[in-house]
Amino acid sequence: MMSKLLQSVALASSMMLAAGAVQAQELKIGYVNSERVLRESNAAKVAQTKLEAEFGKREKDMRDLEAKLRGAADKLEKDAPMLSEAERTRRQRDLVEQDRDLQRKKREFQEDLTQRKNEELSAVVEKANKVIKQIFDNEKYDLILQDAVHFSPRVDITKKVIDALNSQK
């Protein structure tokens, strides 16, 4: 009877110790700075280069058109005293129309650029999320946060995510 009591006490003690060990085990938490991933990863740099190649000429054409329009406005201002009222009015209307056209092109450019940027960045985010999930599973994290207000460098796994993303093909 005494040995059964000792066995019960020993079993209860070992269960309490095991439960205490589980409670004492720390949560494994990681933090990823998404902005840094989108700025420093090779995938993000490739996307940025792609966008610059795709939109660079169009942007340059608009800057040239803007400079041409500014030059025409300066010329009109300089020539205005020597022009007839009708000619001055006609040239002013032309400038206003050209400026309206330029503003429309700028809006369209910005809309197109924003749409393409979102497409490219969402592809990078998707790849990064897969890498984060792999790290989560492989290294047995309990929680990985993105974009926290405060975090300790001890839990920052951003470089690990960038390196893993960069090593992908």
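Cut-offs used in this document
- Residues numbered from 1 in each chain as written.
- Predicted model: local features only at pLDDT ≥ 70, side-chain atom pairs only at ≥ 80, totals over all residues.
- Heavy atoms only, no water.
- Patch = residues over 30% accessible without salt bridge, like charges linked within 9 Å, V, L, I, M, F, W, Y side chains within 5 Å.
- Areas by Shrake-Rupley, 256 points an atom, 1.4 Å probe, with all protein chains shown as cover.
- Salt bridge = Lys/Arg side-chain N within 4 Å of Asp/Glu carboxyl O.
- Helix = DSSP H or I, 4+ residues; strand = E, 2+ residues; numbered from the N terminus.
- Buried < 20%, exposed > 50% of the residue type's maximum accessible area, 1.4 Å probe, protein only.
- Expected span 1.5 Å × (residues − 1).
- Bend = angle between axes of the 7 residues up to and from the residue.
- Contact = heavy atoms within 4.5 Å.
- Phe/Tyr/Trp six-rings, centres within 6.5 Å; stacked < 30°, edge-to-face > 60°.
- 1 Å grid on protein atoms, 1.4 Å probe; cavity = no way out; pocket = protein on both sides within 12 Å on 5 of 7 lines; lining within 4 Å.
- Points joined across faces, edges and corners; volume = space filled by probe spheres on them.

## Regarding a nonpolar patch on the surface
Judged by side-chain polarity, Leu27, Ile29, Leu143 and Leu145 come together as a nonpolar surface patch covering roughly 340 Å² of accessible area. Within the element layout of this structure, leucine 27 appears in the loop between helix H1 (2-24) and strand S1 (29-32). With a relative accessible area of 61%, leucine 27 lands in the exposed category.

## Things to note about helix H3 (residues 42-79)
Taking 1.5 Å per residue, 38 residues should reach 56 Å; H3 reaches 53 Å between its end C-alpha atoms and fits that length. Largest kink in H3: about 45°, centred on phenylalanine 55. Elements in contact with the buried residues of H3: helix H2 (34-40), helix H4 (85-138) and helix H5 (158-167).

## Looking at the packing of aromatic side chains
This model, assessed by the stated rule, comprises two aromatic pairs. Centre to centre, the rings of tyrosine 31 and phenylalanine 151 are 3.8 Å apart; their planes meet at 25°, and the pair counts as stacked. You can see tyrosine 31 sitting in strand S1 and its partner phenylalanine 151 sitting in the loop between strand S2 (143-146) and H5, a full 120 residues away along the chain. Residue classification places tyrosine 31 among the buried residues on the basis of a relative accessible area of 4%. Under the relative-accessibility criterion, phenylalanine 151 is labelled partly exposed at 37%. Each ring, one from phenylalanine 55 and one from phenylalanine 109, has its centre 5.8 Å from the other, and the planes form 80°; the classification is edge-to-face. Taken together, the residues span a long stretch of sequence, with phenylalanine 55 in helix H3 and phenylalanine 109 in helix H4 at a distance of 54 residues.

## Overview of the layout of surface pockets
Considering only enclosed or pocket space, the largest pocket measures out at about 240 Å³ in volume. At the level of secondary structure, the elements contributing two or more residues to the lining of the largest pocket comprise H3, H4 and H5. With five residues, H3 is the largest single contributor of residues to the lining of the largest pocket.

## Comments concerning H4
With 54 residues, H4 extends 78 Å between its outermost C-alpha atoms, agreeing within 8% with the 80 Å of an ideal straight helix rising 1.5 Å per residue. For H4, the complete set of buried residues consists of Arg91, Leu95, Leu102, Phe109, Leu113, Arg116, Glu120, Val124, Ala128, Val131, Ile132 and Ile135. Looking at the buried side of H4, the elements it contacts are S1, H2, H3, S2 and H5. Lysine 140 sits one or two positions beyond H4 and adopts a positive phi of about 55°.

## Regarding the pattern of salt bridges
Under the counting rule described, the total for this entry stands at 24 salt bridges. Put simply, lysine 75 and aspartate 79 hold a salt bridge, and the shortest N to O gap is 2.8 Å. Of the two residues, lysine 75 and aspartate 79 both sit in helix H3, four residues apart, roughly one turn of that helix. Put simply, aspartate 163 and lysine 159 hold a salt bridge, and the shortest N to O gap is 3.1 Å. Placement of the pair is aspartate 163 and lysine 159 together in helix H5, with a separation of four residues, close to one helical turn.

## Some thoughts on the environment of phenylalanine 55
Classification of phenylalanine 55 by relative accessible area gives buried; the value is 6%. Sequence separation between phenylalanine 55 and glutamine 110 is 55 residues; the distance between their C-alpha atoms is 10.0 Å. For phenylalanine 55, the residues in contact, after removing those within four places along its chain, are Phe109, Asp112, Leu113 and Arg116.

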